[in-house]
Amino acid sequence: MQIHNQEILPGETKNVIVNIARLPSHSPIEITITVSRALEDGPTVLLMGGLHGDEINGIEIVRRLIEHDQHLPIKGTTICIPIINVYGFIHFSRYVPDGKDVNRSFPGNKNGSLAARVAYFLMKEIIPKIDYGLDFHTGGADRTNYPQVRCVMSDPKNAELAAVFAAPFSLHSAYRSRSLRWAAAKLGKKILVYEGGESSRFDQYAIEQGIKGTMRLLAHLGMRDEEAYEKEYESVLIKSSSWIRAKASGLFLTEVKSGQKVKKNQVVGYIADPFGEFKVPVKSSASGYVIGLNNNPILHQGDAVMHIGVIKNVLPE
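In this convention, every chain numbers its residues from 1, walking through the sequence in written order. For this predicted model, a pLDDT threshold of at least 70 governs which residues receive local features, and a threshold of 80 or more governs which side-chain atom pairs are given and counted, while totals over whole chains, interfaces and linings are taken from all residues. Based on all heavy atoms of the structure, the side-chain values leave hydrogens and waters out of the count.

(A) A look at the pairing of strand β12 (residues 250-254). At least two bridges found by DSSP between two strands are what make those strands a pair. Put simply, DSSP H or I for four residues or longer makes a helix, DSSP E for two residues or longer makes a strand, and each gets a number counted from the N terminus. Two strands pair when backbone bridges link them, and β12 and strand β17 (residues 298-299) are joined in this way by 2 bridges, in the antiparallel orientation. Among the inter-strand pairings, glycine 250 is bridged to a residue of β17, identified as leucine 299. One ladder, built from 4 bridges, connects β12 with strand β14 (residues 267-272); its direction is antiparallel. When the bridges of β14 are listed, leucine 253 appears paired with tyrosine 270.

Dropping the structure here:
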């Protein structure tokens with residue numbers, strides 16, 4: 001296997017450092033890739049975080065896997081990239097200098113902006129070499145996502161991998177144009193997106209579930225011989241989802257927690273006027289689970305408050 005003109009032989013682990021760009025200060029933007037090959041052939045799995053630079057739970061998942069040698073396969077190959085968007089990471093930002101989202105820049109352009117160059121490198125050097133991938137994310141600014149896997153569930157292989165990963169929730173999620181998952185699917189590659197926690201904050205539970213799910217998947221693929229981590233819950237398949245939005249501006253006082261089951265028309269919180277003029281209830285639009293929650297109590301009318309996942313059934317064992 002060759003990545004960026006560096007050869008990784010069977011039985012070898014190597015760090016490959018790739019220069020993507022140089023800032024006006026002459027500071028290099030470099031991506032560090034850890035490639036681990038077993039002596040025996042097998043699947044190639046990509047484990048990556050930090051596509052959005054401020055989503056640090058995914059970075060920590062991949063870092064811990066490397067730290068504890070859990071990325072080392074007994075057959076096949078793992079490609080670990082803890083931080084894709086290095087610029088965003090060091091600037092506490094989701095984006096790159098021109099405000100573009102790397103995950104809306106695929107398949108990329110070798111002569112384009114920084115986002116396009118990062119996307120181009122992945123599509124040229126990494127994605128063609130893999131069979132499967134786990135792309136670790138968190139919720140956006142002030143929003144926490146309860147640990148969940150997202151993929152196109154109508155694809156039998158995706159559904160199988162999601163069931164094996166066994167996050168607390170699994171969501172059918174259509175491909176989004178110009179995303180990594182969309183571009184990889186065009187090459188026949190299966191990538192699951194794992195969402196857990198909130199940007200710029202560690203969520204220990206989300207990190208642990210990401211690691212456990214990864215180890216279950218690697219064991220399923222025959223790449224690890226240790227016993228897979230047992231689940232402490234039933235994995236729930238989400239058929240559809242919708243956001244509850246604020247009908248008034250004010251301060252949001254939640255009555256439920258992320259991951260909690262709710263019923264249609266249940267009061268899940270209140271929006272209160274900061275000057276004490278009103279307090280209005282917020283009701284759930286459907287029966288399901290709270291899979292996403294806005295942690296910022298200051299709301300403007302129309303803001304997303306809570307993400308409700310509608311139950312379909314329990315994933316098969």
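Moving on from the model shown.
(B) Representation of the sheet that holds β14. Taken in spatial order, the 4 strands make up an open sheet running β15-β14-β12-β17, and their pairing is antiparallel. Both outer strands of the open sheet, β15 (279-283) and β17, are each paired with one neighbouring strand and no more.

(C) Spatial organisation of the packing of aromatic side chains. Pairing of aromatic rings covers Phe, Tyr and the six-membered ring of Trp, with a centre-to-centre limit of 6.5 Å; geometry is then stacked below 30 degrees between planes, edge-to-face above 60, and tilted otherwise. Applying the stated criterion across every chain, the model contains 5 aromatic pairs. Taking the centre distance of 5.5 Å and the plane angle of 45° together, the rings of phenylalanine 165 and tyrosine 194 count as tilted. Here phenylalanine 165, found in helix α4 (residues 156-165), pairs with tyrosine 194, found in strand β10 (residues 190-198); they are 29 residues apart in sequence, far enough to count as distant. With a centroid separation of 5.0 Å and an interplanar angle of 55°, the aromatic rings of phenylalanine 169 and tyrosine 289 are classed as tilted. Of this pair, phenylalanine 169 sits in strand β9 (residues 169-172) while tyrosine 289 sits in strand β16 (residues 288-294), and the two are 120 residues apart along the sequence. Considered together, phenylalanine 169 and tyrosine 289 belong to a single accessibility category, that of buried residues. By the criterion adopted, a ring carries a charge over it if an Arg CZ or a Lys NZ lies within 6 Å of its centre and within 35 degrees of its normal. The cationic tip of arginine 143 hangs over the ring face of tryptophan 243; the distance from NZ or CZ to the ring centre is 5.1 Å. One cation-aromatic arrangement involves lysine 279 over tyrosine 270; the distance from NZ or CZ to the ring centre is 4.9 Å. When a residue's accessible area, from a 1.4 Å probe over protein chains only, is under 20% of the maximum for its type it is buried; when over 50% it is exposed; and in between it is partly exposed.

(D) Fine view of the packing of helix α1 (residues 56-67) against helix α6 (residues 204-220). For helices, the axis comes from a line fit to the C-alpha atoms of the stretch in contact; other axes are also lines fit to C-alpha atoms, and the angle between any two N-to-C directions lies between 0 and 180 degrees. Running from N to C, α1 and α6 point in directions that differ by 50°, and their axes come no closer than 9 Å. Between α1 and α6, the angle falls in the class oblique. Seen along the crossing, α1 lies across α6 with a hand that is right-handed. Every residue of α6 that contacts α1 at Asn57, Glu60, Ile61, Arg64 and Leu65 is listed here: Gln204, Ala206, Ile207, Gly210, Ile211, Thr214 and Met215. Each residue belonging to the contact of α1 with α6 can be placed in one class, and the counts come to 6 nonpolar, 4 polar and 2 charged. Each angle is binned into one of four classes, with values under 35 degrees roughly parallel, values over 145 roughly antiparallel, values of 65 to 115 roughly perpendicular, and all other values oblique. In this scheme, a crossing is called left-handed if the near helix is turned counterclockwise away from the far one by less than a right angle; it is called right-handed if the turn is clockwise. Any two residues whose heavy atoms approach within 4.5 Å at even a single point are treated as in contact. Amino acids are sorted into nonpolar (Ala, Val, Leu, Ile, Met, Phe, Trp, Tyr, Cys and Pro), charged (Asp, Glu, Lys and Arg) and polar (every other residue, Gly among them).

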